[in-house]
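# Residue-level structural notes
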Amino acid sequence: MAAEVNVIDHPLIQHKLTLMRQTQTSTAKFRNLLKEIGMLLAYEVTRDLPLKYEEIKTPLTTMLAPMIAAEKKMVIISIMRAGQGILDGILELIPSARVGHIGLYREPTTQVAIEYYFKVPHDIEHRDVLVVDPMLATGNSAVAAIDRLKEVSPLSIKVLCLLAAPEGIAHFHEQHPDVPIYTAAIDNCLDEHGYILPGLGDAGDRLYGTK
Ligand code: URA
């Protein structure tokens, strides 16, 4: 199966992403921008949702009208902690989505992803899943999250990020060629600490003002 990478290069997203990259952007502004971009990305990522037609009454007549066909609400899974920022935006657009959390941190010297939390809806095997994390850097966290999610067999999985590094995409798709990636941009490379260049710094720290 051909590994799929979708770059969502809508001008509004690109403009807001540029504002997020800038050092002088405040924590409050960064958080708001991530939320807005989350909303816009969700719009594109859900473009292929199947529709069904149901008879409804308008004030004037009846019609067969389109509705989302999925029997169970989709699940948005946030990779903590920076995933929360995108999640908030997506929930503005899809308020009835179910939410899961995977807690992973990067071991600073090896950059290996270590799991410390995993909570997803109990009936996830009947649901489509969208995994969100702003930064696909080494790809280790995304690979670990999808390894773990595949153990609970959701109907489908997509990964949504804000920025991806070519190294992270390659590593992710070596392990999970069946999982499509959606991103607002593909940057140049990683630095020696596994940060994306030019990037936007540490997404979690910028989102919560912890550094
Ligand atoms: N995580 C971040 O928050 N930023 C990066 O550049 C890479 C990983």
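Residues numbered from 1 in each chain as written. Predicted model: local features only at pLDDT ≥ 70, side-chain atom pairs only at ≥ 80, totals over all residues. Heavy atoms only, no water.

## Overview of the site of the ligand
As a reminder, the rule being used: We call a residue near a given molecule or strand whenever any one of its heavy atoms falls within 4 Å of it. In protein, a polar contact requires one atom able to donate a hydrogen and another able to accept it; more generally it is a pair of N or O atoms within 3.5 Å, and residues adjacent in sequence count only if both atoms are side-chain atoms. Put plainly, a pocket is an open set of points on a 1 Å grid over the protein atoms alone with protein on both sides within 12 Å along at least five of seven lines, a cavity is a set where a 1.4 Å probe fits but cannot get out, and a lining residue has an atom within 4 Å of a point. If over half the atoms of a molecule are within 2 Å of the grid points of a cavity or pocket, the molecule is regarded as sitting in it. Residue polarity is assigned by list, with Asp, Glu, Lys and Arg as charged and Ala, Val, Leu, Ile, Met, Phe, Trp, Tyr, Cys and Pro as nonpolar; anything else, Gly included, falls into the polar class.
Taken together, the neighbourhood of the ligand is formed by Arg106, Met135, Ala137, Gly194, Tyr195, Ile196, Gly201, Asp202 and Ala203. Within the backbone of isoleucine 196, one N or O atom sits 2.8 Å away from an oxygen atom of the ligand. A distance of 2.7 Å separates an oxygen atom of the ligand from a polar backbone atom of alanine 203. When atoms are counted within 2 Å of each cavity's grid points, the one that captures over half of the ligand is the largest pocket. Of the residues that constitute the shell around the ligand, the class distribution is five nonpolar, two polar and two charged.

## So, the nonpolar core
Rules: We call a set of buried Ala, Val, Leu, Ile, Met, Phe, Trp, Tyr and Cys residues a nonpolar core when their side-chain atoms join them within 4.5 Å. Each residue is assigned to one of three classes by its accessible area relative to the maximum for its type, calculated with a 1.4 Å probe on protein chains only: buried under 20%, partly exposed between the two thresholds, exposed over 50%. Helix and strand definitions follow DSSP, with helices as H or I runs of at least four residues and strands as E runs of at least two, each counted in order from the N terminus.
Counting 35 residues, the largest nonpolar core has Ile90, Leu160 and Leu200 as the members making the most contacts within it. Of all elements in the fold, only α1 (11-21), α2 (27-45), α3 (83-93), β7 (128-132) and α6 (203-208) reach the threshold of two or more residues within this core. The next biggest cluster of nonpolar side chains, apart from the first, holds 25 residues, and it includes Ile102, Phe118, Ala142 and Val143.

## Some words on the pattern of salt bridges
Worth spelling out the cut-off: Salt-bridge detection follows one rule: a side-chain nitrogen of Lys or Arg within 4 Å of a carboxyl oxygen of Asp or Glu.
A full pass over the atoms with the stated rule returns 13 salt bridges. Glutamate 115 is paired through a salt bridge with arginine 148; the nearest N and O atoms lie 3.3 Å apart. You can see glutamate 115 sitting in strand β6 (residues 113-119) and its partner arginine 148 sitting in helix α4 (residues 140-150), a full 33 residues away along the chain. One salt bridge connects aspartate 205 with lysine 211, and the closest N-O pair in it is separated by 3.8 Å.

## Overview of the pairing of strand β3 (residues 62-68)
Using the following cut-off: By the convention used here, strands pair only if DSSP detects at least 2 bridges between them.
With seven bridges joining them, strand β2 (residues 51-57) and β3 adopt antiparallel strand pairing. From the neighbouring strand, glutamate 54 faces β3, where its bridge partner is alanine 65. Joining the antiparallel neighbours β2 and β3 is a turn of four residues.

## Quick notes on the sheet that holds strand β1 (residues 5-7)
Short version of the rule: Simply put, an axis is a line fit to the C-alpha atoms, just over the touching stretch for a helix, and the angle between two N-to-C directions goes from 0 to 180 degrees. What makes two residues a contact is simply this: any of their non-hydrogen atoms within 4.5 Å.
If you walk across this open sheet you meet the seven strands as β1-β11-β9-β7-β4-β5-β6, and the pairing is mixed. Across the chains shown, the open sheet's two edge strands, defined by having one partner strand only, are β1 and β6. Going from strand to strand, the sheet's axes swing by 20 degrees on average, the running direction of each strand aside. Where strand β4 (residues 75-80) lies against β7, four bridges are found, and the strand directions are parallel. Among the inter-strand pairings, isoleucine 76 is bridged to a residue of β7, identified as leucine 130. Docked against the sheet, helix α5 (residues 166-175) engages β1, β9 (156-160) and β11 (181-183), running at close to 160 degrees with respect to β11.

## Describing the packing of α4 against α5
Packed helices, taken two at a time, are described by the angle between their axes plus the distance between the axes. What counts here: Under this scheme an angle from 65 to 115 degrees is roughly perpendicular, one under 35 degrees roughly parallel, and one over 145 degrees roughly antiparallel; angles in between are oblique. By convention, the crossing between two helices is left-handed when the near helix turns anticlockwise from the far helix through less than a right angle, and right-handed when the turn is clockwise.
At a minimum axis distance of 9 Å, the contact between α4 and α5 shows a crossing angle of 20 degrees. One finds that α4 runs roughly parallel with respect to α5. In this structure, the crossing between α4 and α5 has a hand that is right-handed. In contact with Asn140, Ala142, Val143 and Ile146 of α4, α5 contributes His171, Phe172 and Gln175. For the contact of α4 with α5, the class distribution of residues is four nonpolar, three polar and no charged.

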